[in-house]
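In case you want the letters, here they are:
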Amino acid sequence: MIYELQRTNIDWEYKAMRSRRHSISSVNGVSWPRGLALGGSGTIGAMKYERGNRRDYDRWEQQGNVGWGWDNVLKYFKKSENSKVMRKSKLHNTGGYLSVDNYDIKDPINTVLQMAAKEVGFVELKELNGNRNVGIGRAQFMIENGTRCSPAKAFLNPVKHRTNLHIIKHAFVTSISFSKENVAQGVNLILRNMHSLRAIAKREVILSTGVINTAKLLMLSGIGRQTDLAPLRILQRADLNVGYNLQDHVAIPLFYKFNKSSQTIINLTLEKVLNIFDYVLKNNSQPLTNHDMSSLTLNVNTVNATEPYPDVQVGYRLFKKGGITSYSVMQKMGYDWEIVESIHRAEQKADVVLALIGVLNPKSKGTIKLADGDPYSDPIIKPAYFSQYDDLKTIIRAIRIHQQMLTTATFRKNEAQLHQLNIPACAFIQYDTDEYWECYIRHMSTSMYHPAGTAKMGPDDDPEAVVTPQLKVRHIGNLRIIDASVMPQIVSGGLMAPTIMIGEKGADLLKEDHSM
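Residue positions are given per chain, counted from 1 along the sequence in the order it is written. Owing to the predicted nature of the model, reporting of local features is limited to residues with pLDDT of at least 70; listing and counting of side-chain atom pairs is limited to 80 or more, with chain, interface and lining totals taken over all residues. Side-chain descriptors were evaluated using all non-hydrogen atoms of the structure, hydrogens and water having been removed beforehand.

Participant: Explain the overall build of the protein chain here, please?
Facilitator: In this text, helices come from DSSP runs of H or I with a minimum length of four residues, and strands from runs of E with a minimum of two, each type numbered from the N-terminal end. Broken down by element type, the protein chain carries 15 helices and 22 strands. Categorising residues by exposure relies on relative accessible area from a 1.4 Å probe, with only protein chains included: less than 20% of the type maximum marks a residue as buried, more than 50% marks it as exposed, and the intermediate range marks it as partly exposed. The buried share of the protein chain, taken over its 516 residues, is 55%. Pairs of residues are marked as contacts when any of their non-hydrogen atoms sit within 4.5 Å. Here the contacts in the protein chain between residues at least 6 apart in sequence split such that 68% fall between residues at least 24 apart. Accessible surface for the protein chain amounts to roughly 23,300 Å². Of this, 51% is attributable to carbon and sulfur atoms. To measure how exposed things are, a 1.4 Å probe is used in the Shrake-Rupley method; for residues, cover is taken only from the protein chains shown.

In structure tokens, the structure reads:
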């Protein structure tokens, strides 16, 4: 894909980053994976079951999206859920298709982080999807018997024998077809054997192709801004704000070394081998499938600690002493070799905890545009991270709050210290000043893989709205979008559960219109 990242408004810093090829690689860019598989991104993501909070959805409704407030959408979250954890709760359900459970957590480093957070003043949350979201707690996951419960496994497997369900794999959709000027008829696609096919809809065409591909497919079909389509000689069918309003949870990593660890290379290797045998012989036993500490989640309000809703989320990843986990994780995140090697050297001497600090309510908005009119060309993605300076200031406040853990008795007892990276562009700035962290953020920022908003939902008087609150594409007949691209504002957490909720509500909207 083509990634043109707007990391900063200060030109010299951006050029320095690209020329020195530090931090996020100027070659690799930030990875924006797409879930090109049955189950979509639920097949490749971290499987966290996060809903966001009441304020997120009430804001949607306040913007004119009638029927999308918290009291309206809660029933759709519950409809799909089969909770193995919160069985007696007004917020949860046990009868849905989607299995939600806890991971087995055994590593003592989880307790260390929780104790330190409580020393700083954070409350322990028994329920991250509850009425209060600020504090530290364990996330739930979309899993079943310790294995991934993707949307395909949850929703397709139980109905795969239905005669009215036909799935074509390895098909590439190139455009929407129209029977009349502005009435969607079906989709044009290319099969694996390169044969072309047109699928005709009896009632409506529904796009659930994700934030990137939905915007791309709409523009290829002539739905978008004239200024974007005309240079590519694409005939415009509807003048809509497609590909704009792009939002993502931008994040930066901090690395904490816990020098008191007694873990050794041979013990770590033996532990993994034994867990593999245990998994095979005992059928899905938890030791292999546990996530060390990735369920541990800290939600922070950096402006007002008494607020029930966070503006920052901190997720954690553990690199055990003597291991090699940091290699694959840091390389997949797109960092250059010097950064990867620095973390790996620390991993050989101590347990290393990666704290990924992400902005939950970003003000920065980017775009997705076509590179050309070829359906096989990748789009141009411009996240525009930190185009609004408030997002950067939010992360600096979060760093200062998180650093308070270093002063706790728990961290001191475990000989914790912050691992300092060598970033040449920041070398002449005094360490641990706000100016230093601004430089660090601009060089180390990455994605939490939560893109949203490129086909914004909104009322008739919203000039930026692409779809109505009924998810119908404006000025186009028989075409709806049901995926994360319709979100007017990104929610305060992962997007899998909210996207499934949108699917559940979208299904009801279809049934209401067609008396199903």
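Participant: What exactly am I supposed to notice about the sheet that holds strand β12 (residues 196-200) here?
Facilitator: Strand pairing in a sheet is mediated by backbone hydrogen bonds. Such pairs are either parallel or antiparallel. A pair of strands is labelled paired if DSSP reports no fewer than 2 bridges between them. On the basis of which strands lie adjacent, the open sheet formed by three strands has the order β10-β11-β12 and antiparallel pairing. Looking along the sheet, the strands with just one partner apiece sit at the ends: β10 (172-180) and β12. Neighbouring strand axes in the sheet, compared pairwise and without regard to direction, differ in orientation by 30° on average. Bridging between strand β11 (residues 183-190) and β12 involves five bridges; their strand directions are antiparallel. Paired with Ile 190 across the bridge in β12 is Ser 196. As a rule, the C-alpha atoms of each element are fitted with a line to give its axis, helices using only the stretch in contact, and angles between N-to-C directions run from 0 to 180 degrees.

Participant: What is the right way to read helix α6 (residues 210-220) from this model?
Facilitator: Two residues of an α-helix separated by three or four positions point the same way, owing to the 3.6 residues in each turn. Judged by how many residues are buried, α6 sits mostly within the fold: nine of 11 residues are covered. Taken as a whole, α6 has its buried residues at Val 211, Ile 212, Thr 214, Ala 215, Lys 216, Leu 217, Leu 218, Met 219 and Leu 220. Those residues of α6 hidden inside the fold are in contact with β10, β13 (205-207), α7 (226-229), β18 (367-369), β19 (380-382) and β22 (479-481). Phi turns positive one or two residues past the end of α6, at Gly 222, with a value near 90°.

Participant: Sorry, what's going on with the pattern of salt bridges here?
Facilitator: Where side chains of opposite charge bring their charged atoms close, a pairing between them can arise. Salt-bridge detection follows one rule: a side-chain nitrogen of Lys or Arg within 4 Å of a carboxyl oxygen of Asp or Glu. Going through the model one piece at a time under the given rule, you end up with 23 salt bridges. A salt bridge links Lys 320 to Asp 107; the nearest nitrogen and oxygen atoms lie 3.0 Å apart. Taken together, the positions of Lys 320 in the loop between β16 (312-319) and α10 (325-332) and Asp 107 in the loop between β4 (98-100) and α4 (109-120) put the pair 213 residues apart, joining distant regions of the chain. Since its relative accessible area comes to 13%, Asp 107 is described here as buried.

Participant: Could you clarify how one ought to interpret the environment of Ser 196 in this entry?
Facilitator: Along the polypeptide, Ser 196 turns up in strand β12. On a C-alpha basis, the gap between Ser 196 and Thr 174 in space is 9.8 Å, while along the polypeptide they are 22 residues apart. When sequence neighbours within four positions are dropped, the list of residues in contact with Ser 196 reads Leu 189 and Ile 190.

Participant: Before we go on, may I ask you to explain helix α15 (residues 496-514) in this structure?
Facilitator: Expected span of a helix, by definition, is 1.5 Å for each gap between consecutive residues, and there is one gap fewer than residues. Helix length check: α15 (19 residues) gives 27 Å between terminal C-alpha atoms against 27 Å at 1.5 Å per residue, within 8%. The complete set of buried residues in α15 reads Met 496, Ala 497, Pro 498, Ile 500, Met 501, Ile 502, Glu 504, Lys 505, Gly 506, Asp 508, Leu 509 and Leu 510. At the C-terminal side of α15, Ser 515 shows a positive phi close to 50°.

Participant: How do you make sense of unusual backbone geometry when you look at a structure like this?
Facilitator: Most peptide bonds adopt trans geometry, and most residues besides glycine take a negative phi value. Residue Asp 432 is not a glycine yet carries a positive backbone phi of 75°. Looking at where Asp 432 falls in the secondary structure, it is placed in the loop between β20 (416-418) and α14 (434-444). Here Asp 432 falls in the partly exposed class, since its relative accessible area comes to 31%. Within the chain, Asn 478 stands out as a residue other than glycine whose phi angle is a positive 60°. Along the chain, the position of Asn 478 falls in the loop between β21 (446-447) and β22.

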